[in-house]
Amino acid sequence: LFTANMNAYFTPEALADSASSLGPLGPAVSVTQSGQSLRGGMVFRRFAITAGGRSLGVTAFIMPDGKFEQFLVAPAD
């Protein structure tokens, strides 16, 4: 599901960091796409997610073949 560039990002250290910061929130209870546009030949999508009582914003760049090139999670509050 990921491009080679995105797969290269997910080192054991990056995965451990994501697990330690996002894992305690538990599963997402709400996921809503809040926007979509084209940018640089990719589809840019924004999502609003609620997990563990927190609001998160997610942005993703998706290549024409459907693979994710970038996926960023940040607090929305």
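Computed from a prediction, not measured in an experiment: that's the story for all the values here.

The rules behind each value
- Residues numbered from 1 in each chain as written.
- Predicted model: local features only at pLDDT ≥ 70, side-chain atom pairs only at ≥ 80, totals over all residues.
- Heavy atoms only, no water.
- Core = buried A, V, L, I, M, F, W, Y, C linked by side-chain atoms within 4.5 Å.
- Buried < 20%, exposed > 50% of the residue type's maximum accessible area, 1.4 Å probe, protein only.
- Helix = DSSP H or I, 4+ residues; strand = E, 2+ residues; numbered from the N terminus.
- Contact = heavy atoms within 4.5 Å.
- Phe/Tyr/Trp six-rings, centres within 6.5 Å; stacked < 30°, edge-to-face > 60°.

Asks: Can you walk me through the nonpolar core in this structure?
Replies: The nonpolar side chains of soluble globular proteins are, as a tendency, buried together. Membership of the largest hydrophobic core is limited to five residues, which are Leu 25, Ile 49, Ala 51, Leu 56 and Val 58. When residues of this core are traced back to their parent elements, those giving at least two are strand 2 (42-51) and strand 3 (54-62). The residues contacting Leu 25, other than those within four sequence positions of it, are Ala 51, Gly 52, Arg 54 and Leu 56.

Asks: Explanation requested: the packing of aromatic side chains in the structure shown.
Replies: Two descriptors summarise a pair of aromatic rings, namely the distance from one centre to the other and the angle between the planes of the rings. In this structure the tally under the stated criterion is five aromatic pairs. Summarising the aromatic geometry, the rings of Tyr 9 and Phe 10 are spaced 5.2 Å apart at their centres and angled 75° between planes, so their arrangement reads as edge-to-face. By relative accessible area, which is 53% here, Tyr 9 ends up exposed. You can call Phe 10 partly exposed: its relative accessible area is 24%. Ring pairing ties together the aromatic residues Phe 2, Tyr 9, Phe 10, Phe 68 and Phe 71, which thus form one cluster.

Asks: Could you clarify how one ought to interpret the side chain of Thr 3 in this entry?
Replies: Summarising the element assignment, Thr 3 is placed in the segment before helix 1 (4-9). Take Thr 3: its relative accessible area is 12%, and that puts it in the buried class. In this structure, Thr 3 is in contact with Met 63, Lys 67, Phe 68 and Glu 69, ignoring residues within four places of it in sequence.

Asks: Got a minute to help me understand the environment of Arg 54 in this structure?
Replies: Checked against the element boundaries, Arg 54 lands in strand 3. Look at Arg 54 and you get partly exposed, because its relative accessible area is 35%. When the C-alpha positions of Arg 54 and Gln 36 are compared, they lie 23 Å apart, and in sequence the two are 18 residues distant. Look past the residues within four positions of Arg 54 in its chain and what remains in contact with it is Leu 25, Ile 49, Pro 75 and Asp 77.

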